[in-house]
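Structural overview for review
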Amino acid sequence: MGNSLKAIVAFVPSDECQKYLLEDLEEMPVDKMVDLSGRQLRRLPLHICSFRELVKLYLSDNNLNHLPPELEQLQNLQILALDFNKFKALPLVVCTLKQLCILYLGNNKLCSLPLELRLLQNLKTLWIESNCLQCLPEVVCELSLLKTLHAGSNALRTLPAQLRCLQELRTIWLSGNLLSEFPPVLLDMPFLEVIDVDRNSIRFFPSLAHLPGLKLVIYDHNPCRNAPKVAKGVRRVGRWSEETPEPRKRSGAVIEITLNEKPSPPPGIKPEPEAEPC
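What this report covers is the structure whose coordinates are included nearby. (Residues numbered from 1 in each chain as written. Predicted model: local features only at pLDDT ≥ 70, side-chain atom pairs only at ≥ 80, totals over all residues. Heavy atoms only, no water.)

**What to know about the sheet that holds strand β6 (residues 148–150)**
Through backbone hydrogen bonds, the strands of a sheet pair up, either in parallel or in antiparallel fashion. A sheet is described by the order of its strands in space; here ten strands give the open sequence β1-β2-β3-β4-β5-β6-β7-β8-β9-β10, paired in parallel fashion. Strands with a single pairing partner mark the edges of an open sheet, and in this sheet they are β1 (33–35) and β10 (235–237). Pairwise comparison of adjacent strand axes, ignoring direction, gives a mean angle of 5 degrees for this sheet. Pairing of strand β2 (residues 56–58) with strand β3 (residues 79–81), which is carried by three bridges, proceeds in the parallel orientation. Pairing of Y58 across the sheet is with A81, part of β3. (Pairing = 2+ DSSP bridges. Helix = DSSP H or I, 4+ residues; strand = E, 2+ residues; numbered from the N terminus. Axes fitted to C-alpha atoms, helices over the stretch in contact; angles between N-to-C directions.)

**Describing the pattern of salt bridges**
Two side chains that carry opposite charge are able to pair once their charged atoms sit near each other. Counted according to the given criterion, the structure contains five salt bridges. Put simply, E168 and K147 hold a salt bridge, and the shortest N to O gap is 3.4 Å. Residue E168 is found in the loop between β6 and β7 (171–173), and its partner K147 is found in the loop between β5 (125–127) and β6; the two are separated by 21 residues along the sequence. Note on K147: relative accessible area 34%, which makes it partly exposed. With its nearest N and O atoms 2.9 Å apart, the salt bridge here joins D188 to R164. Placement of D188 in the loop between β7 and β8 (194–196) and of R164 in the loop between β6 and β7 is noted, with a sequence separation of 24 residues between them. For D188, a relative accessible area of 43% gives the class partly exposed. (Salt bridge = Lys/Arg side-chain N within 4 Å of Asp/Glu carboxyl O. Buried < 20%, exposed > 50% of the residue type's maximum accessible area, 1.4 Å probe, protein only.)

**Brief notes about the packing of aromatic side chains**
Evaluated as defined, the whole model comprises three aromatic pairs. With 5.5 Å between their ring centres and 40 degrees between their planes, Y104 and W127 make a pair best called tilted. You can see Y104 sitting in strand β4 (residues 102–104) and its partner W127 sitting in strand β5, a full 23 residues away along the chain. Overall, the relative accessible area of 23% leaves Y104 in the partly exposed class. For W127, a relative accessible area of 26% puts it in the partly exposed group. One aromatic cluster is present, formed by F182, F205 and Y219 through successive ring pairs. (Phe/Tyr/Trp six-rings, centres within 6.5 Å; stacked < 30°, edge-to-face > 60°.)

Now the structure itself:
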């Protein structure tokens, strides 16, 4: 009943109704954090913008599609969560918050990102998963301190070559996109530690053994015919992940197949289901 009542009250723009949704949040908390997630909000109450020392602001799971220009007053803000809302475009006022380190934009309706995003030069983590992006906005490649990029569940087919400029990037999540080949630019990013390309349409994986920083590669749920080669100690998650990617030649045309390796079935013959899932 409480959530239903909040959903009804959210349609009424009066100050009294907004105060009900905020549960009498009138002063900035001691921990400098405000969490208004799941309050059915359709607009950000302006008095929140007066909390000038605020460091963390969570607005996830509401009905927001815009933000007031007064948000610019929160120049100490380091974490801003806008995921699970109704944004079709990123409000430009967000790009004025130059101390932001973590920005959550997932599960909205974003088709692009503004060029002004480049102003957030302290940004280290960016979540843009589950939006409507058909290509990774090149402005992301200008976020020089970015360490983690979550861009899964979009409609990405390629990655821009400029991504190699992000020398601080360590983790990239690209699962659930439309990649038909392993992004070539990732082969030129030796400092990457985690690569996730799960649930794409990649048929062939190049060797990743030359990436010295790599620790984990996730490539499951792709129609691939091989596993990516990796250096010793790198964990793989996907088909053939526990096997040698290619059979080893002993001499001439004689090929050694270990107990854990299976020969490929002849064309036209459906392979028998494996005992364990890949």
